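Each chain, written out:
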Amino acid sequence: MRLASKRVPPPGTALGDVTCPTPDFGHIVASRPLDVRAPRTGDELRDIVAVAGPQGVPVSARGCGYSMYGQGQAEGGHLIDMRALNAVHRTADERTLVAEAGATWRDVVRAALAEGLAPPVLPDHLGASVGGTLSTGGFGASSHRYGLVADAVSEVEVVTGTGEQVTCSRRHRPDLFDTVLAGLGQCALIVRATLRLVPAPALVRRYRLHYTLPGPYFADQRRLAHHDHFTHVSGQARPALAGAWDYVIEAVTPHTGRLPPDDAALTDGLRHDRDVEEIEDLSYAEFLHRMDRDERILRVTGEWERPHPWLTLLVPEAAAVSFVPTILADSGQQGLRTCGTVQLRPLDSGRLRAPMLRKPAGEDLCLVSLMRTAPPADADAVRQALAANRELYERARELGGTLHAVSAVQMTPRDWQAHFGPAWEGFARAKTQYDPHRILTRGYDLWP
Ligand SMILES: Cc1cc2nc3c(=O)[nH]c(=O)nc-3n(C[C@H](O)[C@H](O)[C@H](O)COP(=O)(O)OP(=O)(O)OC[C@H]3O[C@@H](n4cnc5c(N)ncnc54)[C@H](O)[C@@H]3O)c2cc1C
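All of the points below concern the structure found in this document. (Residues numbered from 1 in each chain as written. Predicted model: local features only at pLDDT ≥ 70, side-chain atom pairs only at ≥ 80, totals over all residues. Heavy atoms only, no water.)

## Observations regarding empty space enclosed by the protein
Which entries qualify depends on this criterion: Points on a 1 Å grid over protein atoms alone make up a cavity when a 1.4 Å probe fits among them but cannot get out, and a pocket when they form an open set with protein on both sides within 12 Å along at least five of seven lines; lining residues each have an atom within 4 Å of a point. Grid points are joined across faces, edges and corners, and a volume is the space filled by probe spheres set on the points.
Tallied over the entire structure, the rule returns 3 cavities of 30 Å³ or more. There is about 90 Å³ of room inside the largest cavity. Lining the largest cavity are Thr136, Ala182, Leu184, Met356, Leu357, Arg358, Leu403, His404, Ala405, His419 and Phe420.

## Observations regarding unusual backbone geometry
Here histidine 27, not a glycine, exhibits a phi torsion of approximately 50 degrees, which is positive. Here the phi dihedral of alanine 182 falls at roughly 60 degrees; this positive angle occurs in a residue that is not glycine.

## A short note on the pattern of salt bridges
The cut-off we apply is this: Note on definitions: salt bridges are taken to be side-chain nitrogens of Lys or Arg within 4 Å of carboxyl oxygens of Asp or Glu. Numbered from the N terminus, helices here are DSSP runs of H or I no shorter than four residues, and strands are runs of E no shorter than two.
Here the structure, examined in full by the defined rule, presents 34 salt bridges. Here glutamate 44 and arginine 40 are joined by a salt bridge, their closest N and O atoms 2.9 Å apart. With a shortest N-O distance of 2.7 Å, arginine 206 and glutamate 280 are connected by a salt bridge. In this pair, arginine 206 sits in strand 11 (residues 203-211) while glutamate 280 sits in strand 14 (residues 278-283), placing the two residues 74 residues apart along the sequence. What emerges from the salt-bridge pattern is a single network uniting Asp124, Arg206, Arg208, Glu250, Glu278, Glu280, Arg290 and Arg345.

## Re the sheet that holds strand 3 (residues 78-81)
Inclusion rule: DSSP bridges decide pairing: two strands pair if at least two such bridges lie between them. Structural elements are reduced to axes, namely lines fitted to C-alpha atoms, with helices fitted over the stretch in contact, and the angle between N-to-C directions of any two is expressed from 0 to 180 degrees. Contacts are assigned to residue pairs with any non-hydrogen atoms lying within 4.5 Å of each other.
Strand order in the open sheet made by the 3 strands is 1-3-2, with parallel pairing throughout. Edge strands, defined here as strands with exactly one partner in the open sheet, are strand 1 (35-37) and strand 2 (59-62). When the angles between neighbouring strand axes are averaged without regard to direction, this sheet yields 30 degrees. In the sheet, strand 1 pairs with strand 3 via 3 bridges, with the strands oriented parallel. Bridge pairing links valine 36 to leucine 79 in strand 3. Strand contacts of helix 1 (residues 42-55): strand 1, strand 2 and strand 3, with the helix running at about 170 degrees to strand 3, the strand carrying the most contacts.

Rendered as structure tokens:
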């Protein structure tokens, strides 16, 4: 297995030995762009791409740099800092909003909540850019109900690899629309997107339900995901005593305050430990910003700046029930106990609509995210984590699982071809049509 086709420093050296002027959140891959450009308009972006194409100069957009494995880097090319393209404004249609690609979800939430609205799905961390999230699909705690963040996009303006500036939607140029959303920035760069909004609740009631066994946890999490009242459902595995793991469901139901939810009815029949259940009301804004506090703490402790060899897999839920406990018991995964978070999201396949997303067969799916930190200045530890990620990815594939492309997994073009399966040929045709010079977003190593 090749671990070092990307510029991961060789064994025995520290990560800091390769200086990268533009590290991403992963702090694993180091690339040197030719330059960093910061377009202020779609026209300026178009001009950069139009000139770069015939010259074969790579171009990658960088939103907020939360990639784990160099997916947004541009070795020897133009790194496009999208942050100047960050306007968010309302449209004539009261239920939509236009966000430029460099805006963050914090910007979007601020503008939408001011009107009593919100996107139906938001990533947990609101610091990522709109363009970066839409290009990878975007999962959130309400994905079981509303699909991907990208599934709420009704129109998108892009610049293709040929330097063409196009507005596309399900009706107009649907082929391009479909290859852009969750399309890993391969055919076009996103300039702005029109996002559908839904009414935002004033308050939400959050239930944290604790389990010691995976079986009841997965069964109850699925039950809550099918429950009409719960708009947000996600879970975590957490380290417990004596090497064991506990499980926690976080389920959220909106309410107005005047008519509070009936806790007994909503949790009736669930098999959690009732002595330690946590129930609290939050404003919707507080709930949406729930990761801000974690981020502040991780920044203070320095964890935020460490290498992040994260792995996210989509697994059939029936397989996840035994796959997850096996992973957690694996000696190679013990680092997760001390510096990591294990997130488990229930998903309904039929709700995940962007065609470029690769998902397992079957309706009930589970998104398994192993979000771990590696020690700084220890390339060997990072290599071990990458090797463990690759091994887990192989095991997940045997169970019918797929990779979420934000992960830190070394992938070859052949791996990507297997990943896209029957969609590969159409994807390759779209790449040839829209990015014939193959300059866009090379950080994924998608093409030979
Ligand atoms: C703390 C944390 C929490 C997270 N939580 C979630 C979560 O809940 N759900 C989820 O789905 N993901 C989550 N992620 C993953 C993150 O949302 C994705 O990696 C996302 O792609 C990051 O976008 P970015 O703009 O910050 O990153 P970048 O590294 O700047 O970009 C990511 C990718 O998108 C490409 N790109 C950026 N802008 C554009 C554009 N305008 N057009 C085309 N391509 C573009 C880049 O080239 C790169 O390939 C989380 C990440 C972190 C660090």
